[in-house]
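Below are the chains, spelled out letter by letter.
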Amino acid sequence: MLPPRPAVLQPRPDNRGMGVGGFILGLLLLGGVLGLVYLFAVGAFDGLFNFASSTISRPPAGAATEAPLPGTATVPLVPVPDLVGKTEAEARAALQAQGLSAFVAEPRASDVITAGLVLEQFPPPNVPVNQSPATVVTLTLSLGPELVDVPDVQRTRASDARSLLSAAGFQVQEQQETSDLSEGFVTRQDPVNVKLPRGQTVTIYVSIGDKVVVPEITGLSEADARAKIEAAGLFVSFVDVQGCDKLGDLCNRFGPGTIVSSAPRPGSKVQRNSGVTLGQRAP
C-alpha cells in the first residue's frame, strides 16, 4: 500500500485590484448622475426643451388659424352705474339700460340716506362687468334712521331721567310744574311709549312740589291782575297805591291805576295759597 500524497495548497487569487477599480468606477458614475441633476435644477436644459416644444407647436408659415366657434364671441364689458341715493325703480331702470340685472337685499337703517333709497350696491360704481342679464348687481335699500324706544322716565328723579334719555340718544328739554310729587321728580314726559330716531327731543316735566309760580301782571289793570293771581292758586293780600314821587321813572311808563309791580316778583316760586302784594300807580 502506497503512502498518501501530501495535500498541495492552491494559491488564492488576488482580488484587491478589482475591488479598487470597481469602487473608482462607481464614484465616477455617481458624480455623473449628480452633475446631470444639478444641470436640470439650474435650468441648463430649459432652452433645449422650449425650442423643441415651440418647434412642434408652431404652425407652419402661411397656415390658416382656427376661427372662433359660433356663440363663443367675447362678452362686452360695461361699467356698473352709480345707484346710491336712487329709488329702487330708478336703480332697476339704470341697470336694465346697461343690460344688467338687480337683486334687492334686506334693507338696513341709515341716518344719512332717506328711507326707500339705495343705501349700498355691489359691485361698486364704475366697476367693469360683463354686459349680460346674468350679471347681477345687489341693492340694499335704506330704512331711514333707526327707531329707538323712548324710555319711560315718569316718577323718577329728574337727574336720572336726563341720564336715561341721553344714554338712549335723545335730547332732553325740561319744564317745571306744580305737582303732588316731591320736588325734583318727573311728573310726565312727552312723548312716551313710542319709537323715535336718535337725536329727537323728549320733554320732561319736573315737579316743584306744591308750589306755584307768581304770574306776570305788570301793566295790567287791578281787576285783570287779581284774576290772574287767583288763577295761579294765589290771592291778592294788599294793593300798594304809589305816587310818582315814589315810582320815579316808572311813573312815565305806566298809566294811572296800572299795576307796576308785585311782591313776590313775577316768576318766583311760592307755596300755593300764598298772598301777593300788588304795586299800583296812583290814579
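Refer to the preceding data block for the structure.
Computed from a predicted structure; not experimentally measured.

**Student:** Looking at this structure, I do not really get a nonpolar patch on the surface. What am I missing?
**Tutor:** A cluster of nonpolar side chains, namely F23, I24, L25, L27, L28 and L29, defines an oily patch on the protein surface of about 650 Å² accessible area. Topologically, L25 is positioned in helix α1 (residues 16-41).

**Student:** Is there a simple way to explain the state of the cysteines in this structure?
**Tutor:** Formally, a disulfide is one covalent bond, and it connects the sulfur atom of one cysteine to the sulfur atom of another. Overall, the coordinates contain one disulfide when judged by the stated rule. Between the sulfur atoms of C244 and its disulfide partner C251 the distance amounts to 1.6 Å. On the accessibility criterion, C251 (5% relative accessible area) is buried.

**Student:** Help me understand the sheet that holds strand β13 (residues 259-263), please; the structure alone is not making it clear to me.
**Tutor:** Either a parallel or an antiparallel arrangement is found when strands of a sheet pair, and the pairing is made through backbone hydrogen bonds. The strand order across the open sheet built from three strands is β12-β15-β13, with neighbouring strands paired in mixed fashion. Each of the sheet's edge strands pairs with one partner strand only, and the pair in question is β12 (235-242) and β13. This sheet shows a mean twist of 25° between the axes of neighbouring strands, independent of strand direction. Here seven bridges tie β12 to strand β15 (residues 275-281), and the two strands are oriented parallel to one another. Paired with F238 across the two strands is T277, which belongs to β15. Sheet strands in contact with helix α5 (residues 222-231) are β12, β13 and β15, and its direction is about 150° off that of β12.

**Student:** Teacher, can you tell me more about the sheet that holds strand β7 (residues 171-177) here?
**Tutor:** Reading across the sheet, the three strands line up as β7-β10-β8 and stay open at both edges, with mixed pairing between neighbours. Bordering the open sheet on either side are β7 and β8 (186-190), each of which pairs with just one other strand. Averaged over all pairs of adjacent strands, the angle between strand axes in this sheet comes to 25°, irrespective of strand direction. Both β7 and strand β10 (residues 201-207) contribute to a ladder of seven bridges, which runs parallel. When the sheet's bridge partners are listed, Q175 is paired in β10 with Y205. Across the sheet, helix α4 (residues 158-167) lies against β7, β8 and β10, angled at about 170° from β10, the strand it touches most.

**Student:** Sorry, what's going on with the environment of V75 here?
**Tutor:** You can see V75 is positioned in the loop between α2 (46-57) and β1 (77-79). On the basis of relative accessible area, V75 is assigned to the partly exposed category, the value being 40%. It is 9.4 Å that separates the C-alpha atoms of V75 and V129, two residues lying 54 residues apart in sequence. Setting aside residues up to four positions removed in sequence, V75 forms contacts with N130 and Q131.

Definitions and cut-offs
- All chains use their own residue numbering, which begins from 1 and follows the written sequence.
- Totals for whole chains, interfaces and linings use all residues, but because this is a predicted model, local features are given only for residues with pLDDT of at least 70 and pairs of side-chain atoms are given and counted only at 80 or more.
- To obtain the side-chain values, all non-hydrogen atoms of the structure were included, while hydrogens and water were left out.
- Each patch is built from salt-bridge-free residues with over 30% relative accessible area, joining like charges within 9 Å and nonpolar side chains (Val, Leu, Ile, Met, Phe, Trp, Tyr) within 5 Å.
- Surface accessibility in these figures is a Shrake-Rupley result with a 1.4 Å probe; residues are shielded only by whichever protein chains are displayed.
- For salt bridges, the criterion is a side-chain nitrogen of Lys or Arg within 4 Å of an Asp or Glu carboxyl oxygen.
- Only DSSP runs of H or I with at least four residues qualify as helices, and only runs of E with at least two residues qualify as strands; both kinds are numbered from the N terminus onward.
- When two cysteine sulfur atoms lie within 2.5 Å, the pair is treated as a disulfide.
- We call a residue buried when its accessible area falls under 20% of the maximum for its residue type, exposed when it is over 50%, and partly exposed in between, using a 1.4 Å probe and counting protein chains only.
- The pairing criterion is simple: DSSP has to find at least two bridges between the two strands.
- Interaxial angle, 0 to 180 degrees, is taken between N-to-C directions of lines fitted to C-alpha atoms, where a helix line uses only the stretch in contact.
- Only heavy atoms enter the contact rule, under which two residues are in contact if any of them lie within 4.5 Å.

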